[in-house]
Amino acid sequence: MDEHRSLSVTPDRYLTYRYAGASGDFNPIHLDDEFARSVGLPSRILHGLWTMSQVARAQTEAGGGPESLRSLEVQFRGMGLPEREITISSTVREERDGELVIRCDAEQDGKRIIRNGEAVVRPAGGA
Amino acid sequence: VTRAVYAVGREKVREYAYATGETDPRHLDPDSARAAGYADVVAPPMFAAVYCAPAIGPAVLDPEVGIDFARMVHGAQRFEWGDPVVAGDEITTVAELEERSERGGLNFFVFRTISTNQDGATVSEGRWTNIVR
């Protein structure tokens, strides 16, 4: 597994609607620009747990499958917007007993929308 | 303490996998999942957010906890995973407020979830930090 990895993803215009259906989170701040602006947001925003799912996917794709990710902790900061590229960065910090401790974050437009992420990954083929 | 049971459906796992950009056929194709040793399609780890929702939602909205939902933001999240979750599982989640504190004029509400499958195995433990301005 590489020491540093990055994964880029651009949520398309309709992503928040698909994720709302998939997750059951229909909070209008994710679906309705007019409502979002009425509560002081720039436009409708991404679901934080969707962005976290991309940080998780960055780990499972490198780790060899869904069971490789043992834990993930993140802090949410600011807000993610549709139709703008997000880059997930992951850096291996430590290896112990076949598990990797990985620092990770998610950045969009130069701002870290997920920070201080820490994943523990047990790679399918060994660390 | 709130408790809820979530029945994991194959199409729900596939819908979630598509919405989160998963291309691993173990999430999407029952034959590929079976070939990999699973009884049916396996959920991505963050599917925990879906099966926990019927327990964590009412816990956060509990009037006795008193969170002003309009001023709440999701500050942090942690999951630790156990056994994999596959279509056909029934997941029971117990959610409760673990800790409440105030720092710098912000109120922090930390909830815990523990989710187990129909065999009693733990599939995930979650720590949900909500911040109220």
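Residues numbered from 1 in each chain as written. Chains lettered and ligands numbered in written order. Predicted model: local features only at pLDDT ≥ 70, side-chain atom pairs only at ≥ 80, totals over all residues. Heavy atoms only, no water.

A.B. asks: Got a sec to walk through the overall build of chain A? Specific residues and values, please.
C.D. replies: A count of helices and strands for chain A gives three helices and five strands. Considering only C-alpha atoms, chain A reaches an extent of 50 × 30 × 20 Å along its principal axes. Taken across its 127 residues, chain A has 51% of its residues classed as buried. Long-range contacts, defined as pairs at least 24 residues apart, comprise 62% of the intrachain contacts of chain A with a sequence gap of at least 6. Both charge centroids of chain A, one from 16 positive and one from 20 negative side chains, sit 3 Å from each other. (Helix = DSSP H or I, 4+ residues; strand = E, 2+ residues; numbered from the N terminus. Buried < 20%, exposed > 50% of the residue type's maximum accessible area, 1.4 Å probe, protein only. Contact = heavy atoms within 4.5 Å. Lys, Arg positive; Asp, Glu negative; His and termini not counted. Charge placed at Lys NZ, Arg CZ, Asp CG, Glu CD.)

A.B. asks: Explain the interface of chain A and chain B to me, and be specific about the residues and the numbers.
C.D. replies: Between chain A and chain B, the residue contacts involve 28 residues of the former and 29 residues of the latter. Where chain A packs against chain B, one counts one salt bridge. The salt bridge partner of R78(B) is E73(A), with a shortest N-O separation of 3.5 Å. Our count for the contact surface shared by chain A and chain B stands at twelve residue pairs in polar contact (both at pLDDT 80 or more). Put simply, the parts of the chain that give the side of chain A that touches chain B at least two residues each are α1 (15–23), α3 (48–63) and β2 (69–76) of chain A. Per element, the largest residue contribution to the side of chain A that touches chain B is nine residues, and it comes from α3(A). (Salt bridge = Lys/Arg side-chain N within 4 Å of Asp/Glu carboxyl O. Polar contact = N/O pair within 3.5 Å; in protein donor to acceptor, adjacent residues only side chain to side chain.)

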